[in-house]
Amino acid sequence: MTSQLRKISAAPESWSEQPAGKPTDNDPFLTVVTRIFSRFVHLAPEQVPAEIDAALQQVLDYFGADRCDLFEVDSSLRQVQSVARAQHADLPVLPETIDAGLMFPWLYQEIVCAQRNVCVLASDQWPPDAETDAGNMLAFEIRSALLIPITDGAAVTHVIGIGARNTMHISAQQQQLRLKLLGEILVTALHRHALQQAQLEASRFERLISEIAARFSGAWSDQIDQEIRQALIAVLQFTEVDQAGVIEVYPETGQAFLTYLAHAKGVVPSSMTIEYASLFPWSNEILVKQGNPMVLDSLDRLPPEAAKDLEAWRASGIHAVLNIPFNVGGSVRYVFAMTTNGRNFAWPRHYVDRLRALGDVFVSALGRKAVMGALRKAQSFTHAALEALHRHFCVVDHEARVISHSAGWTELYPPQAGMLGQDFFQRFMRLQGQSETDAAQFSAALVQVIRGERQPFVMESSCGLDDDMRWVRSRITAFELDRKTYAVISHEDITARKQAEIELEALRSQHWHADRVTRTAVLISSLSHELSQPMTAILSNAQAGRRFLSRGDADQQKIVDILKDIVADNKRAAEVIESLRVIIRRQKTERRRVDVSRLLNDVLGLLHGELVAQQVDVEVEADEGCEVKADPAQLQQVFLNLMINSLDAMRESPLRRFQLRVWKPRQQEVRISIRDSGIGIDGEAHEKPFEAFWTTKAQGTGMGLPICRAIIESHDGRIWLEPRSERGATFSILLPEAGPSGMGQG
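Reading the values: rules and limits
Residues numbered from 1 in each chain as written. Predicted model: local features only at pLDDT ≥ 70, side-chain atom pairs only at ≥ 80, totals over all residues. Heavy atoms only, no water. Helix = DSSP H or I, 4+ residues; strand = E, 2+ residues; numbered from the N terminus. Buried < 20%, exposed > 50% of the residue type's maximum accessible area, 1.4 Å probe, protein only. Areas by Shrake-Rupley, 256 points an atom, 1.4 Å probe, with all protein chains shown as cover. Axes fitted to C-alpha atoms, helices over the stretch in contact; angles between N-to-C directions. Parallel < 35°, antiparallel > 145°, perpendicular 65-115°, else oblique. Contact = heavy atoms within 4.5 Å. Nonpolar A, V, L, I, M, F, W, Y, C, P; charged D, E, K, R; others polar. Core = buried A, V, L, I, M, F, W, Y, C linked by side-chain atoms within 4.5 Å. Pairing = 2+ DSSP bridges. Phe/Tyr/Trp six-rings, centres within 6.5 Å; stacked < 30°, edge-to-face > 60°. Salt bridge = Lys/Arg side-chain N within 4 Å of Asp/Glu carboxyl O. pLDDT = per-residue confidence, 0-100. Expected span 1.5 Å × (residues − 1). Polar contact = N/O pair within 3.5 Å; in protein donor to acceptor, adjacent residues only side chain to side chain. Left-handed = near helix turned anticlockwise from the far one by under 90°.

**With respect to the overall build of the protein**
Thinking step 1. When helices and strands are counted, the protein shows 21 helices and 25 strands.
Thinking step 2. Counting over 746 residues, the protein shows a buried share of 43%.
Thinking step 3. Of the roughly 38,800 Å² of accessible surface on the protein, a fraction of 52% belongs to carbon and sulfur atoms.

Right under this line is the structure:
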């Protein structure tokens, strides 16, 4: 939505009037905006905040203002938050968060709700209903201001503003448009910076959770309590919240116990015993009865029916809550809880997902603790449980002696007797047909796992001969029992999965190749026409040359010209044949820089005879430099499919026209449009053509367009059927543009 201008004070008679010393030609503010934009093109993420502050300072200096701010809008709370600013040192500082709906109600309505620019050139020009806004502006010594909304879709997300103690010279509406453009540039940079920071933080958080989970996998049952406490401390330090804990819930009594807790220094910890159902009835319904997570950035977001919960939260000094329930045995038994005291907290989405995974590790570890406790009391573990766990496994002690194995263990090794008590390295180091390198890697890993240097270890290796090749996934996992280290070694036959992956790739390649070969049948008549012209010319020139030579007094220059014509016609015929050969040959996919316009012209050349025969008018509009990184044969296959479909659709049409267009709608994108004047496709069925076996042709297979989509998507692109407007059908393709020469080529 284009923002409208709301100008409060009277404009000068000519918008071109500017203060002395300011140039009026060549739009100097556009030069400022362009210079700022150029600095953001290849800017490192960590430099974005400083560059935004510098950009605001340039705007402040240009207009002779006293402050320039970029605000982020929270329409749900009618608040704005300052995300970047530049101001004179002696000017009162605005709060980081402003209750705009309360302090500046008229401005909020005009800028955020109505999406209009507001330009106030004098403090006495405010409308009567903006008295509150004017007073608060003066409180911050602002007498003239320009505020411009920045939208993202239909809503205002940011506001860029400049203000001054005295009158500013906003000389033209065009400058306001430039300032809006600058605001959009800065907001885009902020979004990119926020996304990169979020990705970086999510990656760091992912590594933290993975490291914690890895420690749990090797923890002895007596160490689980300590590992949970250490994990909570690590999460607390990473997220910078105030409390993190695990709550054990008893739905039958309505009580809960804070079993594990980590809290920041100076924070008064929550009570260890909680009458949960009575103190937090709304939370109890959401978490315990419904099993849904509860994410509260602020207690202000609690609904009216949570009044009792709000009272209890506030009594404990808590302001933001993240609670994730965990189901055990059909009911919620644990809640992973994080809170902040005295401040709100925006919980990132990946926190919920990864903390749920960490909570699963906790719950699993607590369950394992209970199981191992029972095992220690019984002083035994059951072979049947291991047998059910995996078909091919054995258990070794800390000296790598085999103490137990499954019945299927012997299927993967040469026949031998007396397995129990044997040294694993002497008897079972190498699977049948396994390479020495893989066997050595597995043996070294087993030593490391038993010593506690790594945990766990997984590898995939091939075994057997070429005519009987098998794939095996091997895993080593250590565990502690009575303070002794043991390892479970398991092998899983994954041959079927590997073969399925290989066969699937081969079938896809065969399918695409078969489609290309099938399409060549349509080209036969066109190729006959294209080849007949150069071949006829070659024959005519050869006969003429022979006649000249038979006279005995042939003109040497004429003979040279005749031979040149023969060579040119021969090359032309070779190009036609090569174009067909590229399409139908079957070879390994090779992607390189391809000029899309040239590729389209090659396909049109192949179809020239058919186009002439059907009297089809062809219109081509192609921009220069539209290059993509692609397999030329596969891309030709797509264009050929679409054009042949269009020719079939236009056979009964009185008007036969092709409209081909290639252009770059935006940076790093190339778009191709193929439009015909045929019978078209029903607009309600615009997705069906890409479904396998869907066709409108009596002899069609319904696989052409699905193959086109598969090829385009394998090139990280999109293909779609445009909504029907008039006669015919329009297919559009969007592909990533190839990078600069010498870059991105593999």
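**Describing the packing of helix α4 (residues 105–113) against helix α5 (residues 131–139)**
Thinking step 1. As a packed pair, α4 and α5 sit with axes 6 Å apart at the nearest point and diverge in direction by 105 degrees. Taken together, the axes of α4 and α5 are roughly perpendicular relative to one another. Across from Pro 105, Trp 106 and Leu 107 in α4, the residues of α5 making contact are Thr 132, Asp 133 and Met 137.
Thinking step 2. A class-by-class count of the residues in the contact of α4 with α5 yields 4 nonpolar, 1 polar and 1 charged.

**Here's the deal with the nonpolar core**
Thinking step 1. In this structure, Phe 639, Met 643, Ile 672 and Ile 733 are the most contacted members of the largest nonpolar core, which totals 40 residues.
Thinking step 2. At the level of elements, α18 (596–606), β21 (627–630), α20 (632–649), β22 (657–663), β23 (669–676), α21 (704–714), β24 (718–721) and β25 (730–736) are the ones that each hand at least two residues to this core.
Thinking step 3. Among the elements that take part in this core, α20 stands out by supplying 8 residues, more than any other.
Thinking step 4. Sequence-distant contacts of Ile 733, that is, excluding residues within four places in its chain, are made with Val 638, Phe 639, Leu 642, Val 670, Arg 671, Ile 672, Ile 712, Arg 718, Ile 719 and Trp 720.

**Structural notes on the sheet that holds strand β13 (residues 331–341)**
Thinking step 1. On the basis of which strands lie adjacent, the open sheet formed by 6 strands has the order β10-β9-β8-β13-β12-β11 and antiparallel pairing. Among the strands making up the open sheet, the edge pair consists of β10 (273–274) and β11 (294–296).
Thinking step 2. Across 10 bridges, the pairing between strand β12 (residues 318–328) and β13 is antiparallel. Residue Ala 320 lies in a different strand from β13, and its bridge partner there is Thr 340.
Thinking step 3. Each of β8 (243–250), β11, β12 and β13 is contacted by helix α9 (residues 281–289), which is oriented at about 135 degrees to β11, the strand it contacts most.

**Points about the packing of aromatic side chains**
The description of an aromatic ring pair uses the distance of the two centres, along with the angle that the planes make with each other.
Thinking step 1. Scanning the model with the defined rule gives 11 aromatic pairs in all.
Thinking step 2. Their ring planes at 15 degrees and their centres at 5.5 Å tell us that Phe 479 and Tyr 486 sit as a pair that is stacked.
Thinking step 3. Look at Tyr 486 and you get buried, because its relative accessible area is 15%.
Thinking step 4. Among the aromatic residues, ring-to-ring pairing joins Phe 29, Tyr 62 and Phe 63 into one connected group.

**Some words on the pattern of salt bridges**
Thinking step 1. By the definition in use, this model includes 23 salt bridges.
Thinking step 2. Between Glu 110 and Arg 116 there is a salt bridge, with its nearest N and O atoms 3.0 Å apart.
Thinking step 3. Residue Arg 651 is joined to Asp 648 by a salt bridge in which the shortest nitrogen-to-oxygen separation is 3.3 Å.
Thinking step 4. Taken together, the shared-partner salt bridges in this structure form one network comprising Asp 66, Asp 90, Glu 141 and Arg 165.

**Quick word on the environment of Phe 425**
Thinking step 1. Locating Phe 425 in the fold gives a position in helix α13 (residues 424–427).
Thinking step 2. A relative accessible area of 28% means that Phe 425 is categorised as partly exposed.
Thinking step 3. Along the chain, Phe 425 and Leu 446 lie 21 residues apart, while their C-alpha atoms are 9.5 Å from each other.

**Quick notes on the environment of Leu 607**
Thinking step 1. When you line up the elements, Leu 607 lands in the loop between α18 and α19 (608–613).
Thinking step 2. Residue Leu 607 is classed as buried on the basis of its relative accessible area of 0%.

**Some remarks on α21**
Given 3.6 residues to a turn, an α-helix orients residues that are three or four positions apart in the same direction.
Thinking step 1. Gly 704, Leu 705, Pro 706, Ile 707, Cys 708, Ile 711 and Ile 712 are the residues of α21 that are buried.
Thinking step 2. Just downstream of α21, Asp 716 is the residue with a positive phi angle, here 60 degrees.

**Here we look at unusual backbone geometry**
Thinking step 1. Phi is positive for Gln 115, close to 60 degrees, though the residue is something other than glycine.
Thinking step 2. Tracing the backbone through its elements, the reader meets Gln 115 in the loop between α4 and β5 (116–120).

**Focus: the sheet that holds strand β15 (residues 402–405)**
Thinking step 1. As summarised here, the arrangement of the 5 strands in space is β15-β14-β18-β17-β16, forming an open sheet in which the pairing is antiparallel. Both outer strands of the open sheet, β15 and β16 (457–463), are each paired with one neighbouring strand and no more. Averaged over all pairs of adjacent strands, the angle between their axes in this sheet comes to 20 degrees, without regard to strand direction.
Thinking step 2. Pairing between strand β17 (residues 470–481) and strand β18 (residues 484–493): 10 bridges, direction antiparallel. In the strand pairing of β18, Arg 475 is matched with Ser 490.
Thinking step 3. Together, β14 (392–396), β16, β17 and β18 form the strand contacts of helix α14 (residues 436–450), whose direction differs from that of β16 by roughly 160 degrees.

**Here's the deal with the confidence of the model for the protein**
Detailed reading of the predicted coordinates is not advisable wherever pLDDT is low.
Thinking step 1. Taken over all residues, the pLDDT of the protein has a mean of 78, while the share at 70 or more is 78%.
Thinking step 2. Counting contacts from residues 1–25, a segment whose pLDDT is below 50, to residues more than four positions away or on other chains yields 48 contacts.

**A word on helix α2 (residues 48–63)**
Thinking step 1. For α2, built from 16 residues, the straight-helix expectation of 22 Å at 1.5 Å per residue is met to within 8% by its first-to-last C-alpha distance of 23 Å.
Thinking step 2. Of the positions making up α2, those classed as buried are Val 48, Glu 51, Ile 52, Ala 55, Leu 56, Val 59, Leu 60, Tyr 62 and Phe 63.
Thinking step 3. Buried-residue contacts for α2 involve α1 (28–40), β2 (67–74), β3 (79–87), β7 (155–164) and α6 (173–217).
Thinking step 4. Looking one or two residues beyond α2, the residue adopting positive phi is Gly 64, at roughly 65 degrees.

**Focus on the side chain of Asp 66**
Thinking step 1. In this fold, Asp 66 is placed in the loop between α2 and β2.
Thinking step 2. Its relative accessible area of 10% is what places Asp 66 among the buried residues.
Thinking step 3. Within polar-contact distance, the side chain of Asp 66 engages the backbone nitrogen of Arg 165 at 2.6 Å.
Thinking step 4. Once residues within four sequence positions are removed from consideration, Asp 66 is found in contact with Leu 60, Ala 86, Gln 87, His 88, Leu 91, Gly 163, Ala 164, Arg 165 and Asn 166.

**With respect to the packing of α20 against α21**
Relative placement of two packed helices is described by the angle separating their axes and the distance separating the axes.
Thinking step 1. Closest axis-to-axis distance for the α20/α21 pair is 10 Å, and the angle between their directions is 145 degrees. The handedness of the crossing between α20 and α21 is left-handed. For the pair α20 and α21, contact is made by Gln 634, Leu 635, Gln 637, Val 638, Asn 641, Leu 642 and Asn 645 and by Gly 704, Leu 705, Ile 707, Cys 708, Ile 711, Ile 712 and Ser 714, respectively.
Thinking step 2. Classifying every residue of the contact of α20 with α21 gives 8 nonpolar, 6 polar and no charged.

**Concerning the environment of Val 447**
Thinking step 1. Relative to the assigned elements, Val 447 resides in helix α14.
Thinking step 2. Residue Val 447 is classed as partly exposed on the basis of its relative accessible area, which comes to 27%.
Thinking step 3. Sequence separation of Val 447 and Glu 399 is 48 residues, and the distance between their C-alpha atoms is 9.2 Å.

**Here we look at the pairing of β2**
Thinking step 1. Burial runs high along β2: 6 of the 8 residues are buried.
Thinking step 2. Here 8 bridges tie β2 to β3, and the two strands are oriented antiparallel to one another. Considered in β3, the bridge of Glu 72 is made with Gln 81.
Thinking step 3. What sits between the antiparallel neighbours β2 and β3 is a turn of 4 residues, in which Arg 78 has the positive phi angle 55 degrees.
Thinking step 4. Here β2 pairs with β7 via 6 bridges, running antiparallel. When the sheet's bridge partners are listed, Glu 72 is paired in β7 with His 158.

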